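Working through the structure, step by step
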Amino acid sequence: MNLYWADDAGVPAADRGLAYGDGLFETIRMHQGGGVLLSGHVARMVAGAAVLGIPLTESDVRGVIRQASSRYGGAHGAAGWVLKLVLTRGAGGRGYRPTADLVPTMVVSAAALPAHPGHDGVMAARSAFPLTVNPLLAGIKTLNRLEQVMASRELTDDLYEMIMTNAAGDLVEGTRTNLLVSTPQGWLTPPVSQLAVAGVMRDHVVQTLERRGEPVEQGAVTPAALDADQCRGLFLMNSLIGVVPVRRLDDRDLPVGSALATIINPLDLVETQV
């Protein structure tokens, strides 16, 4: 694997990640030498690489994270920071068909942790740009994020997130978050088959709720799920922010509860690098 640091020499112009989006990525919240849900991030990257046919092992990923922690961790102190790993099939070849001699590329970068939106609720809107998901790539965090880019262009200063819908009009996910709805029957979240990204925080939240004996249905989130008699709260989640409630979607006010956000604290989920 060829390793590139974003603050050093550039990636070759012939890299297939640049040419075709041929790869995937992980964004990890780092804190004092560890990472939030680190094992989940590592496992997802390795599993996604296997689907794409890019050779990658857990040892490879953990080795890069160790180097990144040593390189970047000291500059961010105790505040925490964001580690981004971009894996591509490598550089070389013309056309879509990859050759067998390609060496994978890993690009590593670091950024400051974004401000937490708070537990009093955020404002969101439905995007006019629909989300389509190839069933063979569902849930994998590939580099093909153009739909999310287009939806994000609709954001205004008062909006935290754009919620994307599928061809049926069901709510699927935010541009950078997964969705969870509290209903009188329990919890509802879209199934992985509908998702462009199956978040590691989403998996953790679902497992946590099920361990607490709270029913979680993985099914279509239709617009009717947000009706006043059905919706007890809409939540957004990812591994950087944890869980935040939505207090207003489009022109509709939604109930805001803090119970879920308070039981899911990202800093409680920091795993020390091994």
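Reference entry: report on the structure contained in this document. Source: prediction; values computed, not measured. (Residues numbered from 1 in each chain as written. Predicted model: local features only at pLDDT ≥ 70, side-chain atom pairs only at ≥ 80, totals over all residues. Heavy atoms only, no water.)

A few words on the overall build of the chain. Looking only at helices and strands, one finds 6 helices and 15 strands in the chain. Radius of gyration (C-alpha) of the chain: 19 Å, near the 19 Å computed for a compact globule of 274 residues. By the burial criterion, 51% of the 274 residues in the chain qualify as buried. Within the chain, counting contacts between residues at least 6 apart in sequence, those at least 24 apart form 70% of the total. Accessible surface, the chain as shown: approximately 12,600 Å² in total, 53% of it carbon and sulfur. Considering the chain, the positive charge centre built from 22 side chains and the negative charge centre built from 27 side chains are found 4 Å apart. (Helix = DSSP H or I, 4+ residues; strand = E, 2+ residues; numbered from the N terminus. Rg over C-alpha atoms; globule rule 2.2 N^0.38 Å. Buried < 20%, exposed > 50% of the residue type's maximum accessible area, 1.4 Å probe, protein only. Contact = heavy atoms within 4.5 Å. Areas by Shrake-Rupley, 256 points an atom, 1.4 Å probe, with all protein chains shown as cover. Lys, Arg positive; Asp, Glu negative; His and termini not counted. Charge placed at Lys NZ, Arg CZ, Asp CG, Glu CD.)

When the terminal C-alpha atoms of helix H5 (residues 200–211) are compared, their 17 Å separation across 12 residues agrees well with the 16 Å that a helix rising 1.5 Å per residue should span. By the burial criterion, the buried members of H5 are Val200, Met201, Arg202, His204, Val205, Val206, Thr208 and Leu209. (Expected span 1.5 Å × (residues − 1).)

Core analysis: the biggest nonpolar cluster contains 23 residues, and Met45, Ile65, Leu83, Leu85, Leu87, Met106 and Val108 have the highest contact counts within it. One finds Val82, Ala225, Val244 and Leu249 within the second-largest nonpolar core, a separate group that totals 21 residues. (Core = buried A, V, L, I, M, F, W, Y, C linked by side-chain atoms within 4.5 Å.)

Turning next to the packing of helix H2 (residues 38–52) against helix H3 (residues 58–76). At their nearest, the axes of H2 and H3 sit 9 Å apart, and the two run at 130 degrees to each other. In this view, H2 runs oblique relative to H3, as classed from their interaxial angle. Every pair of crossing elements has a handedness; the one defined by H2 and H3 is right-handed. Facing H2, whose interface residues are Leu38, Ser39, Val42, Met45 and Val46, H3 presents Glu58, Val61, Arg62 and Ile65. (Axes fitted to C-alpha atoms, helices over the stretch in contact; angles between N-to-C directions. Parallel < 35°, antiparallel > 145°, perpendicular 65-115°, else oblique. Left-handed = near helix turned anticlockwise from the far one by under 90°.)

Its place among the elements puts Leu254 in the loop between strand S14 (252–253) and helix H6 (259–263). Linking Leu254 and Ala79, residues 175 residues apart in sequence, is a C-alpha distance of 32 Å. For Leu254, the residues in contact, after removing those within four places along its chain, are Leu226, Cys231, Leu234, Val246, Arg247, Arg248 and Leu249.

For the coordinates displayed, the defined rule picks out 12 salt bridges. Across the pair Asp227 and Arg252 runs a salt bridge whose closest N-O atoms are separated by 3.7 Å. Placement of the pair is Asp227 in the loop between strand S11 (216–218) and strand S12 (233–238) and Arg252 in strand S14, with a sequence separation of 25 residues. Accessibility expressed as a relative area gives 30% for Asp227, which makes it partly exposed. A relative accessible area of 33% places Arg252 in the partly exposed class. (Salt bridge = Lys/Arg side-chain N within 4 Å of Asp/Glu carboxyl O.)

What follows deals with the packing of aromatic side chains. Summed over the entire model, instances satisfying the criterion amount to 4 aromatic pairs. In this structure an aromatic cluster arises from ring pairing among Trp5, Tyr72 and Trp81. Positioned above the aromatic ring of Phe25 is the side chain of Lys84, whose terminal nitrogen or guanidinium carbon lies 4.9 Å from the ring centre. In this arrangement the basic side chain of Arg176 is found over the ring face of Tyr160, its NZ or CZ atom lying 4.4 Å from the centre. (Phe/Tyr/Trp six-rings, centres within 6.5 Å; stacked < 30°, edge-to-face > 60°. Lys NZ or Arg CZ within 6 Å of the ring centre and 35° of its normal.)

Now for H3. Across its 19 residues, H3 extends 26 Å between first and last C-alpha, which sits within 8% of the 27 Å expected from 1.5 Å per residue. Remark: the principal bend of H3, roughly 40 degrees, maps to Ser70. Among the residues of H3, Val61, Arg62, Gly63, Val64, Ile65, Ala68, Ser69, Tyr72 and Gly73 are the ones counted as buried. (Bend = angle between axes of the 7 residues up to and from the residue.)

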